[in-house]
Amino acid sequence: MPAPSAAALAVNPLDASSLLSAFGALGIAAVMFAETGLLIGFFLPGDSLLFTAGLLARSGAHSGPHLDLVQVLAASVAGALGGAQVGYVLGRRGGRALLTRSRSRKLHEGAERAEELLGRYGHARAIVLARFVPVVRTVLNPLAGALGVAPRTFTLWQVAGGLVWTVGLVLAGYGLGSAVPHVDRYLLPVVGAVVALSLLPVALELLRNRRRRAVAVTPGTRPEEPRSPEGRPAPAPSAGQEP
């Protein structure tokens, strides 16, 4: 049995460049599958991996491994779509027990945001939007299965969202790498910007929730008194009368 290579032994699962150098397109498929289908993959660098893979797939000399664009796209799509479908099936069979077994606060917060997305935007929009929110895209798929989202609805919209997310980020990296010479020299800040943009929806949602809580606990506020059709305060219900 051959010994593992030094690159495989030294791989950092949180570093997109390290994963791509060690495993290439196969690593992309594995990470996409784990991040979107298995709850243990919520920490993996999905956004930065797709964008970095696109950068490294451009033609010409650059630092890092050279990847084939077609292979990158195929691996990204296969891993993301297959992972989401497996996560949904696990959710239908295991229900919320899959989440309650985890002690990760980040994972439970992601589950709350995922459930809020499903309730606020409806199944179709929530499934698509979740692809662009780290952690939420991990927990929404099993959560959709646990909540009984129709299989046809889930499959249709997870495929649509998965295609837009994976192909869009890979081609964005490929286009930037082709347009800006030696952009790989600035890989860390560029990937950092991509990760920051992917976290922007989460930050905005947290800000909205904080504002709602602040309004709810503002001193001196009270529910508006019920009024009669003429505009006068409605009389209080008598004893034994339903309000």
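Cut-off values and rules
- Residues numbered from 1 in each chain as written.
- Predicted model: local features only at pLDDT ≥ 70, side-chain atom pairs only at ≥ 80, totals over all residues.
- Heavy atoms only, no water.
- Helix = DSSP H or I, 4+ residues; strand = E, 2+ residues; numbered from the N terminus.
- Buried < 20%, exposed > 50% of the residue type's maximum accessible area, 1.4 Å probe, protein only.
- Contact = heavy atoms within 4.5 Å.
- Expected span 1.5 Å × (residues − 1).
- Bend = angle between axes of the 7 residues up to and from the residue.
- Patch = residues over 30% accessible without salt bridge, like charges linked within 9 Å, V, L, I, M, F, W, Y side chains within 5 Å.
- Areas by Shrake-Rupley, 256 points an atom, 1.4 Å probe, with all protein chains shown as cover.
- Salt bridge = Lys/Arg side-chain N within 4 Å of Asp/Glu carboxyl O.
- Core = buried A, V, L, I, M, F, W, Y, C linked by side-chain atoms within 4.5 Å.
- pLDDT = per-residue confidence, 0-100.

1. Side note on the overall build of the protein
Per the secondary structure count, the protein includes nine helices and zero strands. Along the protein, helices (α) and strands (β) appear in the sequence α-α-α-α-α-α-α-α-α when read from the amino end. Taken over 243 residues, the protein has a buried fraction of 40%. Taking all contacts inside the protein whose residues are at least 6 apart in sequence as the whole, residues at least 24 apart take part in 73%.

2. Structural notes on helix H2 (residues 16-37)
Here H2 contains 22 residues, and its C-alpha end-to-end distance of 19 Å is more than 12% below the 32 Å for a straight helix at 1.5 Å per residue. In H2, a bend of some 120° at Phe-23 exceeds every other bend along the element.

3. Re a nonpolar patch on the surface
There is a patch of nonpolar side chains on the surface, built from Phe-33, Val-86 and Leu-90 and spanning about 200 Å² of accessible area. Within the secondary structure layout, Leu-90 lies in helix H4 (residues 69-94). Judged by its relative accessible area of 38%, Leu-90 falls in the partly exposed class.

4. A few points about the nonpolar core
Within the largest apolar cluster, 22 residues are counted, with the highest numbers of intra-cluster contacts made by Leu-20, Ile-28, Met-32, Leu-49, Leu-50 and Leu-67. Secondary-structure elements contributing two or more residues to this core are H2, helix H3 (46-56), H4 and helix H8 (151-179). No other element matches H2, which puts eight residues into this core. Listed in part, the 21 residues of the second largest apolar core include Tyr-88, Val-133, Val-135 and Ala-144.

5. Re the environment of Ala-160
Topologically, Ala-160 is positioned in helix H8. For Ala-160, a relative accessible area of 28% translates into the label partly exposed. Each C-alpha atom of the pair Ala-160 and Ala-124 lies 9.6 Å from the other, and the pair is 36 residues apart in sequence.

6. Here's the deal with unusual backbone geometry
Of note in this structure, Val-135 is not a glycine but carries a positive phi near 70°. Along the polypeptide, Val-135 turns up in the loop between helix H6 (105-130) and helix H7 (136-146). We classify Val-135 as buried; its relative accessible area is 2%.

7. Notes on the confidence of the model for the protein
The predicted model of the protein has a mean per-residue pLDDT of 76, with 68% of residues at 70 or higher. When the criterion is pLDDT under 50, residues 1-9 qualifies, and its contacts beyond four places in sequence or with other chains add up to three contacts.

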